[in-house]
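The chain contents come next:
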Amino acid sequence: MSDLPEYRPETLAVRAGQQRSQFGEHSEALYLTSSFVFPSAAQAARRFSGEEEGNVYARFTNPTVTMFEERLAALEGAEDCVATASGMSAIMAAVLAHLKQGDHIVASNSLFGATVQLFNNILSRTGITTTFVSHTDPAAWEAAIRPETKLFFLETPSNPLTEIADIKALVAIAHANDILVAVDNCFCTPILQRPLDMGADLVIHSATKFLDGQGRVLGGAVCGPKKLTEEVFKYLRTAGPTLSAFNAWVLLKGLETLKLRVDAQSANALQLATWLETHPKVARVFYPGLPSHPQHELAKQQQKSGGAIVAFEVRGAREQAWQVVDNCRLLSITANLGDTKTTITHPASTTHGRITPEARAAAGINEGLLRIAVGLEAVEDLQADLERGLALI
Ligand SMILES: *Cc1c(COP(=O)(O)O)cnc(C)c1O
């Protein structure tokens, strides 16, 4: 889909996908229209039948949304991209486009919380079942395969412990068994990791996070070869969770600074993680960019840097962790991530608060754990903000 395949990511991020109207606008136009008019009855008929390409109705396509799709496809190295209303609707669309009643998913046991709910509580009602297996153990994925397994679903690094799934190893197992691989690439973005280059079939995004990068709008996307995204598009145009033109326009602008932001936020995260690791009140730091990370070598092979998410355990339990959170004046206390503003959350009482204490312990999420999504502030200011609470422990 990219018309600029030879360009580097920085260039694609600001240039790919743009379609100028007859007015020659320099910036991408925002087309706020729900439907499109046709010069004649015959053309209307051709557009509706699909015989002629072109816009019909904004649940199907909209030029601003198309520009966003083409830009993201270029960045992911994908033939095609289909934008959705949110990250969750992207996951829903990808699964329902390719699976049916009786089919089976093997998924990582450390997925985004709402994804687990979607698989367990909603897709299960349609007769699509899921087995959750260890994120880091390819043999467990292989052992979970059944004749009706149609999809491997993963997200790497995991949230909040930044465990790395071996994309190439999982792709090899899946493809030997005619199984599709979908990777939620929200944490790395195509700037740091391109799963399609490693053999994955579909890349899924919550554009709400780093792609927007400034915490303004919800959005999502499914990228991959046209033969797979076409099915996602068919689901979307009928079921309806399409991306709004306004959100697409905001996201187009977000993509223009994606590389600058992700590189700078990752550099900040590495500096912060390095400092936390030497801090006497910190028991452990989880960050793929640190040599102490158990999968540092694998992370270096499949990601360009460690990313912007850092988790760490304070010496203590909930009380001590909350003390750090409550003494922040700069870091925002919110579970969102991917923003230029640094955020801090206590996973055990927020994002992972609804799972049982036993399941949390099994997942390694204890009461002293904090997760930081590092933004663009000066690292010294972030350190001073955290130090206020850490000093009280
Ligand atoms: C936020 C998030 C989602 C869901 O995206 P929404 O845009 O909030 O629907 C899915 N996967 C990951 C990894 C996320 O962080």
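Structure first, text after, so check above.
Residues numbered from 1 in each chain as written. Predicted model: local features only at pLDDT ≥ 70, side-chain atom pairs only at ≥ 80, totals over all residues. Heavy atoms only, no water.

## Details of the environment of Gly87
Structurally, Gly87 can be placed in helix α4 (residues 87–98). Each C-alpha atom, one on Gly87 and one on Asp184, is 9.0 Å from the other, the two residues being 97 residues apart in sequence. Ignoring sequence-local partners within four residues, the contact set of Gly87 consists of His205, Ser206, Gly219 and Gly220. (Helix = DSSP H or I, 4+ residues; strand = E, 2+ residues; numbered from the N terminus. Contact = heavy atoms within 4.5 Å.)

## Structural notes on the site of the ligand
Close contacts around the ligand come from Ser86, Gly87, Met88, Phe112, Glu155, Asp184, Cys186, Ser206, Thr208, Lys209 and Gly219, and that covers them all. The separation between an oxygen atom of the ligand and a polar side-chain atom of Lys209 is 2.7 Å. Relative to its unbound accessible area of 380 Å², the ligand is 92% covered by the protein chains. With respect to the detected pockets, the ligand is housed in the second largest pocket. Of the residues contributing to the shell around the ligand, the split by class is three nonpolar, five polar and three charged. (Near = heavy atom within 4 Å. Polar contact = N/O pair within 3.5 Å; in protein donor to acceptor, adjacent residues only side chain to side chain. Areas by Shrake-Rupley, 256 points an atom, 1.4 Å probe, with all protein chains shown as cover. 1 Å grid on protein atoms, 1.4 Å probe; cavity = no way out; pocket = protein on both sides within 12 Å on 5 of 7 lines; lining within 4 Å. Sits in = over half its atoms within 2 Å of the grid points. Nonpolar A, V, L, I, M, F, W, Y, C, P; charged D, E, K, R; others polar.)

## Describing the packing of aromatic side chains
Counted according to the given criterion, the structure contains five aromatic pairs. Where Phe119 meets Phe153, the ring centres are 5.3 Å apart and the plane angle is 85°; that geometry is what we call edge-to-face. Placement of the pair is Phe119 in helix α5 (residues 113–122) and Phe153 in strand β4 (residues 149–155), with a sequence separation of 34 residues. Take Phe119 and Phe153: they sit in the same class, and that class is buried. (Phe/Tyr/Trp six-rings, centres within 6.5 Å; stacked < 30°, edge-to-face > 60°. Buried < 20%, exposed > 50% of the residue type's maximum accessible area, 1.4 Å probe, protein only.)

## Here we look at the sheet that holds strand β5 (residues 180–184)
Read across the open sheet, the seven strands follow the order β1-β7-β6-β5-β4-β2-β3; overall the sheet is mixed. Unpaired on one side and paired on the other, β1 (80–84) and β3 (129–133) mark the two borders of the sheet. With strand direction ignored, the average angle separating the axes of adjacent strands in the sheet is 20°. Sheet topology note: the β1/strand β7 (residues 220–224) ladder contains five bridges and is antiparallel. Each residue of the ladder has a partner; that of Thr84, found in β7, is Gly220. Against the sheet, helix α3 (residues 63–76) contacts β1, β6 (202–206) and β7, and its axis sits at roughly 130° relative to β1. (Pairing = 2+ DSSP bridges. Axes fitted to C-alpha atoms, helices over the stretch in contact; angles between N-to-C directions.)

## A few points about the layout of surface pockets
The calculated volume of the largest pocket comes to roughly 970 Å³. Lining of the largest pocket is provided by 33 residues; of these, Glu53, Gly54, Asn55, Thr61 and Thr66 occupy positions nearest its centre. Those elements that provide at least two residues to the lining of the largest pocket are α2 (41–49), α3, β1 and α9 (226–239). Taken together, the residues of the lining of the largest pocket break down into 12 nonpolar, 10 polar and 11 charged. Broken down by secondary-structure element, the contributors of at least two residues to the lining of the second largest pocket are α4, α5 and β6. Partitioning the lining of the second largest pocket into residue classes produces 10 nonpolar, 11 polar and five charged. Looking at which domains feed residues into the lining of the second largest pocket, each of domain 1 (4–256) and domain 2 (258–390) gives three or more. (Points joined across faces, edges and corners; volume = space filled by probe spheres on them. Domains from an automatic or database assignment.)

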